[in-house]
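# Examination of the molecular architecture
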Amino acid sequence: MNDITFTKGAGGVPKTLAGEDHISGMVVYLADADLPSGFTTTARIKSFATIEAVEAAGIVATSTVWKIKALHYHLSEFFRMAPDGIIYVGLFKTPVSTYDYAEIKTLQNFADGRIRQCGVFLPDVDFAASIITGLQGVATLLEAQHMPLSIMLAANVDAVSGLAAVAATGQANVSVIIGQDGDGVAATLFADETSGASVTCLGLALGAVSKAAVNECIAWVLKFPSGISNPALCDGSIISEIDQSVLTGLDTKRFIFLRKLTGIAGSYFNDSHTMDVATSDYAYIEAVRTIDKAIRGIRTYVLPYLAMPIYVNPDTGKLRQDTVSFLEDLGGQALIAMEKAGELSGYRCVVDPEQNVLQSSTVDFNIVQVGVGVMRKVSVKIGYTTK
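Residues numbered from 1 in each chain as written. Predicted model: local features only at pLDDT ≥ 70, side-chain atom pairs only at ≥ 80, totals over all residues. Heavy atoms only, no water.

What follows is about empty space enclosed by the protein. Applying the stated criterion across every chain yields a total of two cavities of 30 Å³ or more. Taken as a whole, the largest cavity encloses approximately 90 Å³ of empty space. Along its surface, the largest cavity is lined by D21, R116, Q117, P148, L149, S150, V214, R289, D292, K293 and R296. In terms of residue count, helix α8 (residues 285-302) provides more of the lining of the largest cavity than any other element does, four residues in total. Counted by class, the lining of the largest cavity contains three nonpolar, two polar and six charged residues. Taken together, V209, A212, E216, C217, I218, S272, I285, E286 and R289 make up the lining of the second largest cavity. (1 Å grid on protein atoms, 1.4 Å probe; cavity = no way out; pocket = protein on both sides within 12 Å on 5 of 7 lines; lining within 4 Å. Points joined across faces, edges and corners; volume = space filled by probe spheres on them. Helix = DSSP H or I, 4+ residues; strand = E, 2+ residues; numbered from the N terminus. Nonpolar A, V, L, I, M, F, W, Y, C, P; charged D, E, K, R; others polar.)

Okay, here's the thing in structure tokens:
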């Protein structure tokens, strides 16, 4: 019979999430001749909210350029894990000699400082401690410019057995991804690259961080299953064939990969390590993201009042009580919202009324916050009793 039929499409109108915690970035280096159709040497950065938009820009799985195919895979995995995410992709020219990773700053400036986490894909660069040092330098610079972010690195690793312990104090903004899918597209890409470049699960990890609330660990089993049934490491070795002591060693060295858990199907991230030392307050991505969000929020509320008049007690020259109350309320506004959202357990903002602002023109805020814990280990005592 005569009729009109409709086919409902998906992905054309992405959802919009509140806030900017989900906004991510990806930096890839390649030759100018390999740029996909949607990019040029004078327009190297684009933002995407769907995989369809990615493909419309020429980043497709059928590309003849291996890096573009690998990038399509990572962006597909990003949106699979974080369908409501937004990602800025920067395709920069491969440096002639030394990488300084200044392109991350270029990407962040293009995004007006909105990027909260950024992947750096270096399949043709062998992993080394110097890469972490360089990336942390850029992150530290961006933090000083009020645009903090977390960086997730995926470089080439020929043999994970040769990975040294490179975590060091102050490297809290960098994490290293060495996990990989042992099947499917990732395995095909790994086999196709004759130079043996690591593919990793960078896109998946970046998507998990984008999806997570700032206080959430991406190793949370219930919320962040990887969807990968045969996890591997980025040298091609299959997780199920690796001795547990080796995986424990890689975890102790603070690398991020996928693992299987007895009693539940699939695979899951081992943890959310940063390359800071294990005893640091910022040893995990969620600790860094939470403090960064607090700092951004506090600055947003306080900035309009910069250079405002500050009234003091005429008898003592110290801050009036009503001024102190106003400043303490102002400094805590962002943290109130974070506490209500479950991103903090609590906070306190104190302004010392004894400050001599007339002399220093500086107001000191003392803000402390209590984070949200992560149940990384569970200890259960079990036994028999007669009654």
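Right, let's get into the layout of surface pockets. Its volume calculated, the largest pocket comes out at about 780 Å³. Contributing elements (two or more residues each) for the lining of the largest pocket: α7 (244-252) and β9 (258-261). Tallied by class, residues from the lining of the largest pocket come to 14 nonpolar, seven polar and seven charged.

This part takes up the environment of T64. Tracing the sequence through the fold places T64 in the loop between α1 (51-56) and α2 (66-81). Judged by relative accessible area, which is 80%, T64 ranks as exposed. (Buried < 20%, exposed > 50% of the residue type's maximum accessible area, 1.4 Å probe, protein only.)

Along helix α3 (residues 102-110), the residues classified as buried are E103, I104, L107 and Q108. Seen from one end, α3 has its buried residues packed into an arc of 145°, which puts them on one side. Looking one or two residues past α3, D112 carries a phi angle of roughly 55°, positive in sign. (Arc of directions from axis to C-beta.)

Next up on the list: the sheet that holds strand β2 (residues 45-48). Within a sheet, neighbouring strands are paired by backbone hydrogen bonds and run either parallel or antiparallel to one another. On the basis of which strands lie adjacent, the open sheet formed by six strands has the order β2-β3-β1-β4-β5-β6 and mixed pairing. The outermost strands of the open sheet, each flanked by one partner alone, are β2 and β6 (174-176). For this sheet, the mean inter-axis angle between neighbouring strands, taken without regard to orientation, is 20°. Of the strand pairs in this sheet, strand β1 (residues 23-30) and strand β4 (residues 117-126) are connected by five bridges, and their pairing is parallel. Paired with V27 across the bridge in β4 is V120. Where α2 meets the sheet, it contacts β1, β2, β3 (86-93) and β4, and its direction lies at approximately 170° from that of β1. (Pairing = 2+ DSSP bridges. Axes fitted to C-alpha atoms, helices over the stretch in contact; angles between N-to-C directions. Contact = heavy atoms within 4.5 Å.)

Bringing the side chain of T323 into the picture now. Its location among the elements puts T323 in helix α9 (residues 321-340). Among the residues examined, T323 registers a relative accessible area of 9% and is labelled buried. A distance of 3.2 Å separates a polar side-chain atom of T323 from the backbone oxygen of Y311. In this structure T323 touches I310 and Y311, once residues within four positions along its chain are discounted. (Polar contact = N/O pair within 3.5 Å; in protein donor to acceptor, adjacent residues only side chain to side chain.)

A few words on unusual backbone geometry. Positive phi, close to 65°, is recorded for H146, a residue that is not glycine. Residues other than glycine seldom take positive phi values, yet S361 does so here, at roughly 55°. Assignment of secondary structure puts S361 in the loop between α10 (357-360) and β12 (365-370). According to the relative accessible area criterion, S361 is exposed, its value standing at 64%.

Once that is clear, we can look at the pairing of β3. Of all eight residues that make up β3, six are buried, and the element is covered over most of its length. In this structure, β1 lies alongside β3, joined through eight bridges in parallel fashion. Residue I23 lies in a different strand from β3, and its bridge partner there is I86. Of the pairings in the sheet, the one linking β2 to β3 comprises four bridges and is antiparallel in character. Looking at β3, one finds that S47 is bridged to Y88.

Limitation: the analysis is restricted to geometry and does not speak to function.
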